[in-house]
Amino acid sequence: MAKQIGTTAPRVDLGIQMRELRKAAGLTIEDAARKVSGLTYDKLRRIELGQSTFRMVGDLRKLLKAYGVEDDVDLAQSIEDLYKTPASQDWTTQFRTVLTSTKTFAGIESVARAVSVYFPNVIPAPLQTEEYAHAHFTEVQPIEETTSEFINSNVALRMKRREPFLRDDEPRKLWAILGESALRHPIGGASVMRGQYDEILRMAALPNVTIQVLLTDAPVKRLWSNFTILDLGGDRPTTVQVDTGLGGAMSMSDRPATVARFTRWFNTMTASAQPPEETPAFVETLKREKT
């Protein structure tokens, strides 16, 4: 029986289980999509990524039959129950004004066992303090025309997303490469930045966290977009999320070629960034500059 995750948005749980069932049936996404009228490769891929869901329960039942699951009544019923789970039971529902794409990413991230991030110009969410996150959203508020409720909801979600990296029992692994500009860009003023530097120093000391700084003059071909690589563990697909540079827009993909491409980028910048053991001294220097 496909493993029940129980900690993500129900739509993400459903996608993970449907992918596992399809693979167990020995079908490609193309093969599976042809089993249901009106279902396309792109639609089924989005369902498996947790970005979409079935138009109606009948389509789900047809696919379960194609996967040879109809005779396993308990399994089929558990999948249907997951499909029918009210939105109110989605743990991300409490963040009402957060963009759907952001909540989808948070749901997928919540099952990751390891996260690798590259952020050239801003501190990534797993390392942000509440004050820094609030100041960051406030800084772009006039341009994005967002409300205070939107800011508070997004900040609350970011703080919730940080918890797995800080827990005592099997904390999630984090490898972060920060551009020097991300550390130097003054968001929220000197006091906010000193607090942010303290938090980076605290997290850099954790055994599950690795932080490197990519200096501005480092001789490396670099990307200028933020990206995150999510290692979901087991048979689940490694997934890449890329900020497109258009406000809150982002794209996600688990295509092997895309994942391999961004993994190569990450490895290249890992080799060119300062060693992790040099990060504390570099951050301490920046902190002194803010006094």
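This text follows the structure it describes.
Residues numbered from 1 in each chain as written. Predicted model: local features only at pLDDT ≥ 70, side-chain atom pairs only at ≥ 80, totals over all residues. Heavy atoms only, no water.

A.B. asks: How would you sum up the side chain of R162? Please name residues and give values.
C.D. replies: Structurally, R162 is set in helix α9 (residues 148–166). Among residues more than four places away in sequence, those in contact with R162 are A125, P126, L127, Q128, E199, R202 and M203. (Helix = DSSP H or I, 4+ residues; strand = E, 2+ residues; numbered from the N terminus. Contact = heavy atoms within 4.5 Å.)

A.B. asks: Got a sec to walk through the pairing of strand β2 (residues 173–179)? Specific residues and values, please.
C.D. replies: Side-chain positions along a regular strand alternate between the two faces of the sheet. Within β2, five of the seven residues are buried, which leaves it mostly tucked inside the rest of the structure. Relative to β2, strand β1 (residues 114–119) is paired through six bridges, and the arrangement is parallel. Within the sheet, the bridge partner assigned to F119 lies in β2 and is L178. As paired strands, β2 and strand β3 (residues 209–214) are joined by six bridges and run parallel to one another. Among the inter-strand pairings, L174 is bridged to a residue of β3, identified as V209. (Buried < 20%, exposed > 50% of the residue type's maximum accessible area, 1.4 Å probe, protein only. Pairing = 2+ DSSP bridges.)

A.B. asks: Please give an account of the nonpolar core that cites residues and values.
C.D. replies: I123, L127, L174, L178 and L183 are the most contacted members of the largest nonpolar core, which totals 36 residues. The element that contributes the greatest number of residues to this core is helix α11 (residues 190–204), accounting for six residues. Residues in contact with L183, not counting those within four places in the same chain, are I123, L178, M193, Y197, I200, V213, F282 and L286. (Core = buried A, V, L, I, M, F, W, Y, C linked by side-chain atoms within 4.5 Å.)

A.B. asks: Describe the environment of W175, listing the residues and the values that go with them.
C.D. replies: Note on placement: W175 falls in strand β2. In this structure W175 comes out as partly exposed when scored by relative accessible area, which is 33%. With 53 residues separating them along the chain, W175 and T228 place their C-alpha atoms 9.9 Å apart. Setting aside anything within four residues of it in sequence, one finds W175 in contact with V115, S116, V117, T210, Q212, F266 and T270.

A.B. asks: Quick one: what's the story with the side chain of E80, residue by residue and with numbers?
C.D. replies: Tracing the backbone through its elements, the reader meets E80 in helix α5 (residues 73–84). A distance of 2.8 Å separates the side chain of E80 from the side chain of R61, its partner in a polar contact. (Polar contact = N/O pair within 3.5 Å; in protein donor to acceptor, adjacent residues only side chain to side chain.)

A.B. asks: Let's hear about the pairing of β1: which residues, and what values?
C.D. replies: The buried fraction of β1 amounts to six of the six residues, a majority that puts the element mostly inside the structure. A two-sided burial pattern is seen for β1, the buried positions comprising A114, S116 and Y118 on one face and V115, V117 and F119 on the other. Bridge count between β1 and strand β4 (residues 227–231): five bridges; the pairing is antiparallel. Within β4, the residue paired with S116 across the bridge is I229.

Nothing here speaks to function; it is all geometry.
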